[in-house]
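Analysis of the macromolecular model
Single-letter residue listing:
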Amino acid sequence: MYWEEKIETMDIGTLRSLQLSRLRKTLERAKTTPYYKKLFEEIGLDTDIKSLAHIRDIPFTTKNDLRENYPYGFLAVPKEKIVRMHSSSGTTGRATVIFHTREDIDNWSNLVARSIYMTGARSEDVFQNTMGYGLFTGGLGLHYGAEKVGMMVIPSGTGNSVRQINIMRDFDTTVIHILPSYAFRLLDVFESESLDPRKDVKLRIAFIGAEPHSEEMRKKIEESYDMDAFNSYGLSEMNGPGVAFECPEKKGMHVWEDSYLIEVINPKTLEPMPDGVEGELVFTTLNRKGMPIIRYRTRDLASLYTGKCPCGRSHRRLSRIKGRTDDMLIVKGVNMFPIQVETVLMKFPEIGRNYQIRLETKGHMDEIYVEVEVLYPADDMREYEGLKNRIAAALHSEILVTPKIILHQPGAIPRAEGKAVRVVDNRVKE
Ligand code: ADP
Ligand code: ZN
């Protein structure tokens, strides 16, 4: 049941002491990097801190700090000790790069193996990794962990959907790593190949993540493929996948606290938030040798669950990610997140597999359009007039503005190659 029982079920007191001793070592290592050396001198930091709370004496590290000290300003080891480089996807601007020593890769793979094992996947499984191989961490990150578990790994990579399905059928893939939006897109391809994903392939477990998705979307994916889908959270700055992962309870993702120190802060006041209250996630690496990062502001919004998980693991659980602070839209003076729209849309069985939010300026006003595909083609889209009104009303009660709903035939809304693009903002900037 556990990959590393002792660590996964460690009592909280011991876990906190382990964190403190690893934090001290991390600060010592950080002190040797050009960036933190200067910072620690400026603030006169004594790295032998007495409690975890003292981490709050250290300023946050932001994506911008990483960008400004590109490429080697955060290195804590000589370059010849580095064996791998990865980078972020660059969803919100110039990509940041992260370097790993051999030991770092081994520790990261171990966290991924721990996560995979937790979901019930075992060495007998055949694992197809449809994430991008290369600089993106979803490919190689999962790959190394899956090999550690001993699964047969098929590094199929992204794209070529018909071939993905053929591979699933030829090699009896049982476990898959897939973007939630791509899991949806692939359903169209199953359909055009006249195949039934519930019957014609043997998938039993999916790891879905790398982009925000709603509980409703997970349920649809699980039903469409007749498999269990587990939420997987990570970011390249904290290695990549294997930061937090769902256990079989599927109520939150265990954050591997032996390797990451997590804080939740109010993104405006920067005050710490108690467990159970939503805020921005801030992470510190506790076990990385090549490139320690302290108090990294992720801009991701979520909360920590309170209470013990019935699975027996003591590491705290993270709620579903609501989105990034940058994803928040202000429309007609009202704040909203794309995932709120998704949650509503997914409740309509007539709705298909893609949607997009489009914002325009009409006169001096914001106008919000929600473009939605229907599940089954219609000869005349007017058949769906009633549906349109019902969607608009349901969305109004969730986001407090009334969007214009535009319905499309299945497949009509453009699909992104990588992470889904849910918002197109064409508003005139003042
Ligand atoms: P980028 O930040 O450029 O997209 P990454 O590839 O490092 O680069 O992606 C990490 C980000 O992806 C996270 O900070 C988060 O915003 C998003 N993400 C990763 N996993 C999840 C998940 N399970 N749910 C929601 N968002 C996720
Ligand atoms: Zn659990």
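These numbers were taken from a predicted model, which means no experiment stands behind them.

How each quantity is defined
Residues numbered from 1 in each chain as written. Chains lettered and ligands numbered in written order. Predicted model: local features only at pLDDT ≥ 70, side-chain atom pairs only at ≥ 80, totals over all residues. Heavy atoms only, no water. Axes fitted to C-alpha atoms, helices over the stretch in contact; angles between N-to-C directions. Helix = DSSP H or I, 4+ residues; strand = E, 2+ residues; numbered from the N terminus. Left-handed = near helix turned anticlockwise from the far one by under 90°. Contact = heavy atoms within 4.5 Å. Nonpolar A, V, L, I, M, F, W, Y, C, P; charged D, E, K, R; others polar. Near = heavy atom within 4 Å. Polar contact = N/O pair within 3.5 Å; in protein donor to acceptor, adjacent residues only side chain to side chain. Pairing = 2+ DSSP bridges. Core = buried A, V, L, I, M, F, W, Y, C linked by side-chain atoms within 4.5 Å. Buried < 20%, exposed > 50% of the residue type's maximum accessible area, 1.4 Å probe, protein only. Donors = N, O, S within 2.8 Å, 3.2 Å for Na, K, Ca; no water. Tetrahedral: all angles 85-135°; square planar, octahedral: opposite > 155°, others 65-115°. Phe/Tyr/Trp six-rings, centres within 6.5 Å; stacked < 30°, edge-to-face > 60°. Lys NZ or Arg CZ within 6 Å of the ring centre and 35° of its normal. Domains from an automatic or database assignment. Buried area = accessible area lost by both parts, 1.4 Å probe. Salt bridge = Lys/Arg side-chain N within 4 Å of Asp/Glu carboxyl O.

Here we look at the packing of helix 8 (residues 180–192) against helix 9 (residues 215–225)
Closest axis-to-axis distance for the helix 8/helix 9 pair is 10 Å, and the angle between their directions is 35 degrees. The way helix 8 lies across helix 9 gives a crossing that is left-handed. Judged by residue contacts, Pro180, Ser181, Ala183, Phe184, Leu186, Leu187 and Phe190 of helix 8 engage Met217, Lys220, Ile221, Ser224 and Tyr225 from helix 9. In terms of residue class, the contact of helix 8 with helix 9 is made up of nine nonpolar, two polar and one charged.

A word on the site of ligand 1
Residues in contact with ligand 1 amount to 20 residues; listed here are only the nearest, Ser89, Gly90, Thr91, Ser232 and Asp300. A distance of 2.7 Å separates a nitrogen atom of ligand 1 from a polar backbone atom of Ser232. For the shell around ligand 1, the element with the highest residue contribution is strand 7 (residues 228–235), accounting for five residues. Along the lines of polarity and charge, the residues of the shell around ligand 1 split into six nonpolar, nine polar and five charged.

Here's the deal with the sheet that holds strand 8 (residues 240–246)
Taken in spatial order, the eight strands of this open sheet run 4-3-5-6-7-8-9-13, and their pairing is mixed. Because the sheet does not close on itself, it has two edges, and the strands there are strand 4 (152–154) and strand 13 (317–318). Direction of pairing for strand 9 (residues 253–255) relative to strand 13: antiparallel, over a ladder of two bridges. From the neighbouring strand, His254 faces strand 13, where its bridge partner is Arg317. Here helix 5 (residues 102–118) sits on the sheet in contact with strand 6 (205–209), strand 8 and strand 9, set at roughly 30 degrees to strand 8.

Let's talk about the sheet that holds strand 11 (residues 279–285)
What the four strands build is an open sheet, ordered 10-11-12-14; its pairing is antiparallel. Of all the strands in the sheet, the pair left with one neighbour each is strand 10 (260–265) and strand 14 (323–324). Both strand 12 (residues 296–302) and strand 14 contribute to a ladder of two bridges, which runs antiparallel. When the sheet's bridge partners are listed, Asp300 is paired in strand 14 with Arg324.

What about the nonpolar core?
By size, the foremost hydrophobic cluster in this structure holds 66 residues, and its most contacted members are Tyr233, Phe283 and Leu318. The element contributing the most residues to this core is helix 5, with seven residues. In this structure Tyr233 touches Gly240, Pro241, Gly242, Val243, Ala244, Met253, Leu281, Phe283, Thr298, Asp300, Leu318 and Ile321, once residues within four positions along its chain are discounted.

Focus: unusual backbone geometry
Look at the link from Tyr70 to Pro71: it is a cis peptide, with omega at -5 degrees. Tracing the backbone through its elements, the reader meets Pro71 in the loop between helix 4 (63–68) and strand 1 (82–87). Its identity is not glycine, yet Asn239 carries a phi of approximately 90 degrees, on the positive side. Within the element layout of this structure, Asn239 appears in the loop between strand 7 and strand 8. Asn239 sits in the buried class, given a relative accessible area of 7%. Even without being glycine, Lys332 reaches a positive phi, approximately 50 degrees. When its relative accessible area of 36% is taken as the criterion, Lys332 is described as partly exposed.

Observations concerning the coordination of the zinc ion (ligand 2)
Protein coordination at the zinc ion (ligand 2): the donors are Cys247 (SG), His254 (NE2), Cys309 (SG) and Cys311 (SG), at 2.1 to 2.3 Å from the metal. Viewed at the metal, the four donor atoms of the zinc ion (ligand 2) are separated by angles of 103 to 118 degrees, and the geometry they form is tetrahedral. One chain supplies every donor for the zinc ion (ligand 2), spaced along it as C-x6-H-x54-C-x1-C. Here Cys247 is found in the loop between strand 8 and strand 9, whereas its partner Cys309 is found in the loop between strand 12 and strand 13, with 62 residues between them in sequence.

Quick notes on the packing of aromatic side chains
Taken as a whole and judged by the stated rule, the model has 11 aromatic pairs. Between the aromatic rings of Phe190 and Tyr225, the centroid separation amounts to 5.9 Å while the plane-to-plane angle is 85 degrees, which identifies the pairing as edge-to-face. Residue Phe190 is located in helix 8, and its partner Tyr225 is located in helix 9; the two are separated by 35 residues in the primary sequence. In textbook terms, an aromatic cluster arises when at least three aromatic residues are bridged by ring pairs, as seen for Tyr35, Tyr36, Phe40 and Phe74. For the cation-ring pair, Arg94 lies above Tyr70, with the distance from its terminal atom to the ring centre recorded as 4.2 Å. A cation over an aromatic ring shows up here: Arg114 above the ring of Trp256, its NZ or CZ 4.7 Å from the ring centre.

Here we look at the environment of Phe245
Within the secondary structure layout, Phe245 lies in strand 8. Phe245 sits in the buried class, given a relative accessible area of 1%. As for Phe245 and Asn287, which are separated by 42 residues in sequence, their C-alpha atoms are 18 Å apart. The contact partners of Phe245, leaving out residues within four places of it in the chain, are Ser115, Met118, Thr119, Phe207, Phe230, Asn231, Ser232, Gly252, Met253 and His254.

Looking at the domain arrangement of the protein
When the parts of a complex come together, some accessible area is lost, and that lost area is often used as the size of the interface. By domain assignment, the protein separates into domain 1 (1–325) and domain 2 (328–425). On a C-alpha basis, the centroid separation for the pair domain 1 and domain 2 is 30 Å. Taken together, the contact pairs 24 residues of domain 1 with 17 residues of domain 2. Buried surface at the junction of domain 1 and domain 2, summed over both partners, amounts to about 1800 Å²; 53% is from carbon and sulfur atoms. Residue Arg353 pairs with Asp188 through a salt bridge whose shortest N-O separation is 2.8 Å. Where domain 1 meets domain 2, there are eight residue pairs in polar contact (both at pLDDT 80 or more).

Let's talk about the pairing of strand 2 (residues 97–101)
Counting buried positions along strand 2 yields five of five residues, so the element is predominantly enclosed. Burial along strand 2 is two-sided: Val97, Phe99 and Thr101 facing one way and Ile98 and His100 facing the other are all buried. Pairing of strand 1 with strand 2, which is carried by five bridges, proceeds in the antiparallel orientation. Following the sheet pairing, Met85 is matched in strand 2 by Phe99.

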